[in-house]
Structures are given as C-alpha cells and as structure tokens.
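Secondary and tertiary structure notes
Here is how the chains run, residue by residue.
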Amino acid sequence: MNHLPGDKMKTKPLSRRSIMAATAAGGAALAASPARAATFGNPDLPPEGAVNVTNPNTLTIPGPHDPGLAATMPTFLDPPATDAGSMPAFWASFNLAPRRIQDGGWGRQVTQSDFAISTEIAGVNMRLSAGGIRELHWHQQAEWAIMTYGHCRITVLDAQGRPFAADVKEGDLWYFPAGLPHSLQGLGPDGAEFVLAFDNGASSEFNTLPATDWMAHTPPEVLAKNFGVPAESFKNIPLQNRWIFQGKVPPPLAEVQEAIASKAGKPEYPFVFSLANAPKVSDSRGGSVQIADSSNFHVSTTIAAGLVTITPGAMRTMHWHPNADEWQYYLKGTGRMTVFNAGPSANTANFHPGDIGYVKKGLGHYIENTGTTDLVLIAVFRSARYEEVSFSDWLAHSPPDMVAATFNLDPGVVARFPKNRPDLMPG
Ligand code: MN
Ligand code: MN
C-alpha cells in the first residue's frame with residue numbers, strides 16, 4: 001500500500017510506545033496498519049526501519065544466512081529509522097582480503113577493484129618478520145604508511161640522489177613521493193606490521209616495479225656496461241622478482257646510514273614522522289585528534305592524515321571534508337558511522353579493527369564509539385592539507401534567528417550550541 005502525502009492529514013501518528021503496545025497486544029493489532037506520518041527520529045514516507053513494523057515476523061530472516069557474519073554488522077540488519085536511500089558500499093575490510101604469504105612476510109590489499117568507491121586511495125596491510133625484506137622497488141604513485149606493530153627500517157633515495165634510512169615503530173608514518181625507489185625491512189625482535197595507502201585507488205601492491213625484474217629483463221652486456229663490471233658478475237641474479245623474502249636482521253641504523261651516504265648529502269626533510277607524538281589539535285573527555293599533513297610532515301604533499309581517538313560512548317562530531325575523500329583504517333575498538341548524501345540518503349555501517357571506511361568528498365558523517373574501550377582510527381586524505389567543516393560550528397556561527405527559524409528551534413537552544421568547533425563530544 002502506498003502512503004500518499006495526504007494520508008498524514010487523516011491519520012494520527014503512532015508513537016514508538018503505541019507501536020510496541022500494539023505489537024505486545026498480539027495478532028489483533030496486526031490487522032490495522034495505518035499510514036503513519038513522519039515523526040521526529042522516524043522521518044521517512046513510506047516509513048522505513050524496524051520501529052515501523054507491526055508484524056514482528058517481518059524482521060526475521062528465514063532464508064539462508066550466516067548469523068556469525070551478519071552479527072558483525074548490526075546496523076545492516078537493523079538500520080536506524082533515520083537511515084534512508086542507498087549509496088555505494090563505504091565499508092570494506094582487510095579481515096576479508098586474502099593474504100599473499102611468502103617467506104619473510106605477507107600482504108593483503110583492498111583497492112578500487114575490490115572496493116568501487118575507493119577511487120583516491122588503495123590500501124595495503126603488510127607484515128614483515130624480523131629480517132623480512134620487501135624488496136627494492138618503486139611505483140608511479142606515492143606511498144604513505146602507518147606502523148601498527150613492531151619495528152621496521154625504511155630506505156629511500158630522493159630525486160636529487162640523496163639517500164635516507166630510518167627506523168620506525170608503532171604510531172610512526174612514512175611517505176615516499178611517487179617514483180622514489182625504496183625498501184622495507186622488519187627489525188628485531190618480531191618484525192613489523194603496517195598499513196600503506198597509495199594516493200590512487202587503482203594502484204596495486206602486486207603491480208609495483210621491482211628492481212629484480214628490471215635486472216632479469218636487461219641483456220647481460222647492457223648490465224655490464226651500466227654497472228661497469230663483467231657480465232658474469234650477474235650470473236646468479238634471480239630470474240623472477242622476489243617481492244618479499246626472508247633476510248638477516250640488519251646492522252644498527254648508524255652503520256647503514258654511513259654505508260649508503262652520498263656526496264649529494266641528506267634530504268632536506270625526513271621521510272618519516274611520529275604521529276603518535278604529534279600535538280593534539282583536539283583533546284577533551286571525548287577523545288583526541290592528531291594531524292600529520294604537509295604543514296608538519298613536510299614531504300607528505302599528497303597525503304594528509306588524522307589519528308582520531310574516541311572514548312567509550314563519545315562521538316566524532318558531524319562534519320565533512322571540503323577538499324578530499326576520506327579513507328579510514330580502524331585500529332582499535334568498535335564504532336558506527338553514518339554517511340549522509342543528497343537524496344536524502346543516510347546509511348550506517350559498523351566498524352571493527354582491520355576495517356576500512358570511505359567517505360566521498362563533501363559528504364556529511366559522524367563516528368560513534370559503540371564499545372567499552374577507546375575507538376581509534378586513522379583517516380587518510382589525498383591532499384596536502386587536512387581540512388574539515390563542522391556542522392555545529394557552522395550553525396553556531398550562522399545568524400541565530402535564521403538557524404532558529406530554519407529548524408523550529410528555541411533561540412535559547414541555538415545559543416547553547418558549542419562555538420569552539422569541538423571535534424569530539426563525550427557520551
Ligand atoms: Mn612501495
Ligand atoms: Mn571525517
């Protein structure tokens with residue numbers, strides 16, 4: 001039955017309480033299924049959401065399903081009544097990506113071909129054992145990374161021929177500009193795990209340019225001429241690329257820095273950054289935000305990042321980003337995010353450690369901690385600078401009469417909106 005706009009003129013709205021009472025009263029109540037007007041917290045016509053169901057059997061899933069998998073996404077099973085419309089999936093997960101395992105480490109990825117919405121960023125999750133080497137390689141896109149476990153050594157050569165090596169640990173970032181050659185190696189005692197973001201959603205970790213492949217596919221006499229040594233010297237080179245292989249734990253950093261030094265000197269800015277030690281741009285009972293972009297992590301000209309910690313019950317407040325899509329990697333805890341688009345569309349998804357979220361440029365969103373421990377995520381943007389617009393800040397700094405008239409709000413309520421752009425609000 002269609003609910004025409006005129007229906008609401010004739011029908012008294014049912015409150016949630018009266019719906020529950022009707023449901024509790026049993027089958028007799030089911031016969032009457034009146035058209036309901038949109039109400040506060042239940043805006044859609046025709047009504048959407050479990051709150052509008054009069055026959056409880058409507059909510060069961062009698063057909064084939066996997067209860068374990070479904071339980072990880074309660075907001076898909078039972079969306080808030082304020083959710084409406086649809087938008088491309090903005091949830092993906094490394095947990096459901098196959099691992100490519102080799103001696104010395106593994107990698108798995110979620111790129112645009114797996115996750116259609118993810119046009120600006122491709123994500124890779126990688127582990128290197130102690131001594132495990134991600135071989136010398138380069139690629140056409142820039143590589144940004146956050147360390148999530150252990151210790152890793154990175155090496156890179158810049159376009160002025162200046163070598164750089166550094167050791168990184170949990171909470172540190174690295175950034176390799178597009179085309180600069182680099183390597184990664186796990187350190188003691190137990191190697192490293194990290195997440196990479198390429199600044200192009202179509203990039204693949206399995207389609208980089210490995211140094212081994214180039215050597216294997218160059219005539220021996222050309223190698224001899226290029227490196228100024230006899231062709232025979234190369235007779236044992238690998239004929240296939242190695243990608244990841246098990247090596248020995250390398251010597252101390254200072255020793256390696258000396259071994260790779262060049263007359264060209266050292267790069268102007270480091271290719272690594274300690275985000276965990278960066279100042280908190282927001283810090284409250286609701287949690288904190290730390291930013292790393294080209295203003296403090298100078299080499300990171302195509303990636304800006306925000307490390308967000310949300311305390312239990314608290315919320316990353318309603319906002320959007322005017323300059324770039326947001327790619328999120330969930331590090332700790334559990335939460336839910338609703339994304340809002342024109343339409344209206346509003347869709348909600350749940351997030352767990354290892355999950356990825358994606359919000360297109362300019363779309364409204366909030367993230368709520370639904371668990372009992374801190375929710376921690378890293379938000380990554382293909383941009384030189386971090387930018388956001390806060391919903392409450394906008395309304396707090398719009399003409400108060402206009403705001404009150406637009407939303408039918410008491411001017412006294414508008415006056416109480418926070419005026420200092422709180423990024424986080426406690427539960
Ligand atoms: Mn790389
Ligand atoms: Mn955001």
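In the block above lies the structure referred to throughout.
Presented here is a report on the structure given in the accompanying data block. What you are looking at is a predicted structure, and each value in this text was computed from that prediction instead of being measured.

Let's shift gears to the overall build of the chain. Scanning the chain from N- to C-terminus turns up 11 helices and 25 strands. Dimensions of the chain, computed from C-alpha atoms along their principal axes, come out at roughly 95 × 50 × 35 Å. The buried share of the chain, reckoned over its 427 residues, is 45%. Here the contacts in the chain between residues at least 6 apart in sequence split such that 76% fall between residues at least 24 apart. In the form shown here, the chain has an accessible surface area of approximately 21500 Å², with 58% of it arising from carbon and sulfur atoms. Across the chain, the 32 positively charged side chains and the 38 negatively charged ones have centroids separated by 3 Å.

Before going further, it helps to examine the environment of Gly-191. Position of Gly-191 among the secondary structure elements: in the loop between strand 9 (182–186) and strand 10 (192–198). Gly-191 sits in the buried class, given a relative accessible area of 0%. Residues Gly-191 and Gly-49, spaced 142 residues apart in sequence, show a C-alpha to C-alpha distance of 47 Å. In this structure, Gly-191 is in contact with Arg-127, Leu-128, Ser-129, Ala-130, Tyr-149, Gly-150, His-151 and Gly-186, ignoring residues within four places of it in sequence.

Protein ligation of the manganese ion (ligand 1) involves His-137 (NE2), His-139 (NE2), Glu-143 (OE) and His-182 (NE2), the donor distances falling in the range 2.0 to 2.2 Å. Sequence spacing of the donors to the manganese ion (ligand 1): H-x1-H-x3-E-x38-H. Assigned by exposure class, His-137 and His-139 land together as buried.

Protein coordination of the manganese ion (ligand 2) is provided by His-319 (NE2), His-321 (NE2), Glu-326 (OE) and His-365 (NE2), with donor distances spanning 2.0 to 2.2 Å. Mapped onto the polypeptide sequence, the residues donating to the manganese ion (ligand 2) form the spacing pattern H-x1-H-x4-E-x38-H. With His-319 in strand 17 (residues 315–320) and His-365 in strand 22 (residues 364–369), this residue pair connects regions lying 46 residues apart in the sequence. Using a relative accessible area of 2% as the deciding quantity, one classes His-365 as buried.

Reading across the sheet, the seven strands line up as 1-21-18-23-16-15-14 and stay open at both edges, with antiparallel pairing between neighbours. Each of the sheet's edge strands pairs with one partner strand only, and the pair in question is strand 1 (91–93) and strand 14 (280–284). Within this sheet the neighbouring strands show an average axis-to-axis angle of 20°, counted without direction. Examined bridge by bridge, strand 16 (residues 304–310) and strand 23 (residues 375–381) share seven bridges and lie antiparallel to one another. Bridging from a neighbouring strand, Gly-306 pairs with Ala-379 of strand 23.

For the structure shown, the criterion picks out 12 salt bridges. The shortest N-O distance in the salt bridge between Asp-172 and Lys-169 comes to 3.8 Å. With relative accessibility at 6%, the residue Asp-172 sits in the buried group. Where Glu-388 meets Arg-421, a salt bridge forms, and the shortest distance between an N and an O atom there is 3.9 Å. Of this pair, Glu-388 sits in the loop between strand 23 and strand 24 (389–390) while Arg-421 sits in the loop between helix 11 (411–415) and strand 25 (424–425); the two residues are 33 residues apart in sequence, bridging distant segments of the chain. Under the relative-accessibility criterion, Arg-421 is labelled partly exposed at 31%. Look at the salt bridges and you will find they share partners, linking Arg-316, Glu-388, Arg-421 and Asp-423 into a network.

Formed by 78 residues in total, the largest nonpolar core has its most connected members in Trp-144, Ile-154, Trp-174, Phe-194, Trp-327 and Ile-378. Apart from the residues within four sequence positions on either side, Trp-174 is in contact with Glu-143, Trp-144, Ala-145, Met-147, Ile-154, Val-168, Leu-184, Phe-194, Leu-196, Phe-271, Val-272 and Phe-297.

Our next topic: unusual backbone geometry. Cis geometry is found at the peptide bond from Leu-45 to Pro-46, where omega equals -5°. A cis amide bond links Gly-188 with the next residue in sequence, Pro-189, at an omega value of 0°. If you trace the backbone, Pro-189 turns up in the loop between strand 9 and strand 10. Although it is not a glycine, Trp-243 adopts a positive phi angle of roughly 55°. With respect to the helices and strands, the residue Trp-243 is situated in the loop between helix 7 (220–227) and strand 12 (244–246). The buried category is assigned to Trp-243, whose relative accessible area is 4%.

With the rule as written, the count across this model stands at 13 aromatic pairs. Each ring, one from Phe-164 and one from Phe-271, has its centre 5.5 Å from the other, and the planes form 65°; the classification is edge-to-face. Linking Phe-164 in strand 7 (residues 163–169) with Phe-271 in the loop between helix 8 (253–260) and strand 13 (272–274), this pair joins segments that are 107 residues apart in sequence. Both residues of the pair, Phe-164 and Phe-271, belong to the buried class. The side chain of Arg-99 reaches across the aromatic face of Trp-106, ending 5.0 Å from its centre. The residue whose ring lies beneath Arg-242 is Phe-245, and the NZ or CZ to ring-centre distance is 4.1 Å.

To continue, consider the side chain of Arg-127. Tracing the backbone shows Arg-127 in strand 4 (residues 122–128). Separated by 2.8 Å, the side chain of Arg-127 and the backbone oxygen of Asp-190 make a polar contact. Apart from residues no more than four positions distant in its own chain, Arg-127 is found in contact with Gly-104, Gly-105, Trp-106, Tyr-149, Asp-190, Gly-191, Ala-192 and Glu-193.

Parameters at a glance
Note on numbering: residues in each chain are counted from 1, in written sequence order. Labels follow written order: the first chain is A, the first ligand is 1, and so on. Side-chain atom pairs in this predicted model are given and counted only at pLDDT of 80 or more, local residue features only at pLDDT of at least 70, and totals for whole chains, interfaces and linings cover all residues. Working from all heavy atoms in the structure, the side-chain values ignore hydrogens and water. Secondary structure elements follow DSSP: runs of H or I no shorter than four residues count as helices, runs of E no shorter than two count as strands, and numbering proceeds from the N terminus. Buried, partly exposed and exposed residues are distinguished by accessible area as a fraction of the type maximum, computed with a 1.4 Å probe on protein chains only: under 20%, between the cut-offs, and over 50%, respectively. Here, residues are in contact when the closest pair of their heavy atoms is within 4.5 Å. Accessible surface is estimated by sampling points in the Shrake-Rupley manner with a 1.4 Å probe; for residues, cover comes only from the protein chains shown. Only four residue types enter the tally: Lys and Arg on the positive side, Asp and Glu on the negative side, with His and both chain ends excluded. Charged side chains are reduced to one point each, which is NZ for Lys, CZ for Arg, CG for Asp and CD for Glu. Because water is not among the atoms used, a metal site may look incomplete, as its donors are only the N, O and S atoms within 2.8 Å, or 3.2 Å for Na, K and Ca. In this analysis, strands are considered paired if DSSP registers two or more bridges between them. Here an axis means a line fitted to C-alpha atoms, over the contact stretch when the element is a helix, while the angle between two N-to-C directions is reported on a 0 to 180 degree scale. Just to be clear on terms, a salt bridge is a Lys or Arg side-chain nitrogen sitting within 4 Å of an Asp or Glu carboxyl oxygen. For the purposes of this section, nonpolar cores are sets of buried Ala, Val, Leu, Ile, Met, Phe, Trp, Tyr and Cys residues that join through side-chain atoms within 4.5 Å. Pairing of aromatic rings covers Phe, Tyr and the six-membered ring of Trp, with a centre-to-centre limit of 6.5 Å; geometry is then stacked below 30 degrees between planes, edge-to-face above 60, and tilted otherwise. Only Lys NZ and Arg CZ are tested; either one counts as a charge over a ring when it is within 6 Å of the ring centre and within 35 degrees of the ring normal. As used in this structure description, the phrase polar contact means that two N or O atoms lie within 3.5 Å; if the pair is within protein, one of them must be able to donate a hydrogen and the other to accept it, and residues adjacent in sequence are counted only when both atoms belong to side chains.

This is a description of form; function is not addressed.
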